[in-house]
Amino acid sequence: MWGIVRQRLGGYSAYYSLQRIGLGRLLNSSKCYSSEAAAAAKKMTVRDALNSALDEEMSADPKVFLMGEEVGKYQGAYKISKGLLEKYGPERVCDTPITEAGFTGIGVGAAYYGLKPVVEFMTFNFAMQAMDHIINSAAKTNYMSAGQISVPIVFRGPNGAAAGVGAQHSQCYAAWYGSCPGLKVLAPYSSEDTRGLLKAAIRDPDPVIFLENELLYGESFPVSAEAVESSFCLPIGKAKIEIEGKDVTITAFSKMVGYALKAAEILAKEGISAEVINLRSIRPLDRATINASVRKTNRLVTVEEGFPQHGVGAEICTSVIEESFEYLDAAVERIAGADVPMPYAANLERMALPQVEDVVRAAKRTCYRSV
């Protein structure tokens, strides 16, 4: 990677100045998760899915490189980059100083010159330090240059609440980034989602925000034989119907998909057939799939852990009202996080986040089975 930078930026002086700020440490690591993931094709953790997707894309395209805090020697704060430094070296797995604004700007600059950076944030809350580069430098450049400059960069890391980490580490930014033209915003749920969408994000010519969930990293999900192939890729902007139903549509993304699926199981025992849509993509939003479902079920519940005002659920509600209002048999229900900064105490944190029982109650209200 640095060889290309040297060619583009004109010699070794730029290379050595970048090296001096800590982007090229040669450190040891253990083997990649990808080989382990390939051996266990029937089930895979989200952590393995991320690692294997990164490994395969870096192997397939020498322009792809990873940068961020602790991605090299420490193998990632969540061990997502395990083994990659050993395999690809410090020129393509770059440990950075603790300065999101600095290394994000370098990543965007590298993308201008034809490289494909994957920028890891230890948490998307810290990406607020780099908002100018993400929005003004990455998102807007292709449009403002009349298509002359593409910005093939991925910003990825954990988004939303973890557990007991306070307000500065727990915010969901799906709605923030989803409101910005020039960005593509993805929020996977399962291992198959994660593998297919990260590969698509890295291959995409536009800047992509890839919102992961820390609490899902260790979760195992079934994966198809197709999903473990190196050529596997999912389309950006296409939702997945996880469960088909006829009585109520439930939309969710990231960790909330699991809550929606649990709610659907409970509702089924009470005779309510719920259709669960895993959005996968926040921008572009698969309005066609959502509206087709609502036209079948005539009811809608949206679920997200972000703030309710100006949220993803609000956009979905508006889309359905604009396109399918005459099909609705009940008011749309929105389930979201409380409109407060995230509490630190575990009991208050739980009250601030949507729970399965909230989804169940909302679905029953739309079916006039409760108040």
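Everything discussed here concerns the structure shown above.
Residues numbered from 1 in each chain as written. Predicted model: local features only at pLDDT ≥ 70, side-chain atom pairs only at ≥ 80, totals over all residues. Heavy atoms only, no water.

(A) View of the overall build of the chain. Scanning the chain from terminus to terminus reveals 15 helices and 14 strands. Within the chain, the proportion of its 371 residues that are buried is 57%. For the chain, the proportion of contacts with a sequence separation of at least 24, taken over those separated by at least 6, is 81%. For the chain, the exposed surface amounts to about 15,400 Å²; the carbon and sulfur share of it is 54%. (Helix = DSSP H or I, 4+ residues; strand = E, 2+ residues; numbered from the N terminus. Buried < 20%, exposed > 50% of the residue type's maximum accessible area, 1.4 Å probe, protein only. Contact = heavy atoms within 4.5 Å. Areas by Shrake-Rupley, 256 points an atom, 1.4 Å probe, with all protein chains shown as cover.)

(B) The sheet that holds strand β10 (residues 248-252), seen in detail. Strand order in the open sheet made by the 5 strands is β9-β11-β10-β13-β14, with mixed pairing throughout. The sheet terminates laterally at β9 (240-243) and β14 (333-335), the two strands that pair on one side only. Within the sheet, the average angular offset between the axes of one strand and its neighbour, ignoring direction, is 25°. For β10 and strand β13 (residues 300-303), the ladder comprises 3 bridges, and the chain directions are parallel. Following the sheet pairing, Ile250 is matched in β13 by Val301. Of the strands in this sheet, β9, β10, β11 (274-278) and β13 are in contact with helix α11 (residues 256-269), which crosses β11 at around 170°. Relative to β11, helix α12 (residues 287-297) is tilted by about 175°, and along the sheet it contacts β9, β10, β11 and β13. (Pairing = 2+ DSSP bridges. Axes fitted to C-alpha atoms, helices over the stretch in contact; angles between N-to-C directions.)

(C) Region of the structure containing the packing of aromatic side chains. Applying the stated criterion to the full structure yields 8 aromatic pairs. The interplanar angle of 65° and the centroid separation of 5.5 Å between the aromatic rings of Phe121 and Phe124 together place this pair among those described as edge-to-face. For the pair Phe121 and Phe124, a shared accessibility class is recorded, and that class is buried. Ring geometry for Phe121 and Phe155: centres 6.1 Å apart, planes at 10°, overall stacked. You can see Phe121 sitting in the loop between β4 (116-120) and α7 (131-139) and its partner Phe155 sitting in strand β5 (residues 154-158), a full 34 residues away along the chain. Taken individually, Phe121 and Phe155 each receive the classification buried, so the pair is uniform in this respect. Put simply, the rings of Phe103, Phe121, Phe124, Phe155, Tyr173, Trp176 and Tyr177 touch in pairs and so form one group of aromatic residues. The ring of Tyr74 has Lys79 sitting right over it, with the charged end atom 3.5 Å from the ring centre. (Phe/Tyr/Trp six-rings, centres within 6.5 Å; stacked < 30°, edge-to-face > 60°. Lys NZ or Arg CZ within 6 Å of the ring centre and 35° of its normal.)

(D) Layout of the packing of α11 against helix α15 (residues 356-366). Their axes nearest at 8 Å, the elements α11 and α15 cross at an angle of 55°. With respect to α15, the element α11 is oriented oblique. Both α11 and α15 take part in a crossing whose hand is right-handed. Taking contact as the criterion, the partners of Tyr259, Lys262, Ala263, Ile266 and Leu267 in α11 are, on α15, Val356, Val359, Val360, Ala363 and Lys364. For the contact of α11 with α15, a count of residues per class yields 8 nonpolar, no polar and 2 charged. (Parallel < 35°, antiparallel > 145°, perpendicular 65-115°, else oblique. Left-handed = near helix turned anticlockwise from the far one by under 90°. Nonpolar A, V, L, I, M, F, W, Y, C, P; charged D, E, K, R; others polar.)

(E) Fine view of helix α6 (residues 100-112). For α6, built from 13 residues, the straight-helix expectation of 18 Å at 1.5 Å per residue is met to within 8% by its first-to-last C-alpha distance of 18 Å. Of all the positions in α6, only Glu100, Phe103, Thr104, Gly107, Val108, Ala110 and Ala111 are classed as buried. End-on, the buried residues of α6 take up no more than an arc of 160°, which puts them together on one face. Lining the buried residues of α6 we find β2 (64-68), β4, α7 and β5. Trailing α6 by a residue or two, Gly114 shows a phi angle of about 100°, which is positive. (Expected span 1.5 Å × (residues − 1). Arc of directions from axis to C-beta.)

(F) Structural detail: the environment of Glu244. As for its position among the elements, Glu244 is in the loop between β9 and β10. C-alpha separation for the pair Glu244 and Ala274, spaced 30 residues apart in sequence, amounts to 6.9 Å. Glu244 has contacts with Ser273, Ala274 and Glu275, leaving out every residue within four places of it along the chain.

(G) Just the sheet that holds β2, in detail. Strand order across the open sheet formed by 7 strands is β3-β2-β4-β5-β7-β6-β12, with mixed pairing between neighbours. On the outer flanks of this sheet lie β3 (93-95) and β12 (281-283), each paired with one strand and no other. The average angle at which neighbouring strand axes cross in this sheet is 20°, direction not considered.

(H) Representation of unusual backbone geometry in the model. A cis amide bond, omega 0°, links Arg283 with the succeeding residue Pro284. Here Pro284 shows up in the loop between β12 and α12. Phi at Ser254 takes a positive value of approximately 55°, unusual for a residue other than glycine. Mapped onto the elements of the fold, Ser254 is located in the loop between β10 and α11. Residue Ser254 is classed as buried on the basis of its relative accessible area, which comes to 9%. Residue Tyr368 is not a glycine yet carries a positive backbone phi of 55°. Residue position: Tyr368 is located in the segment after α15.

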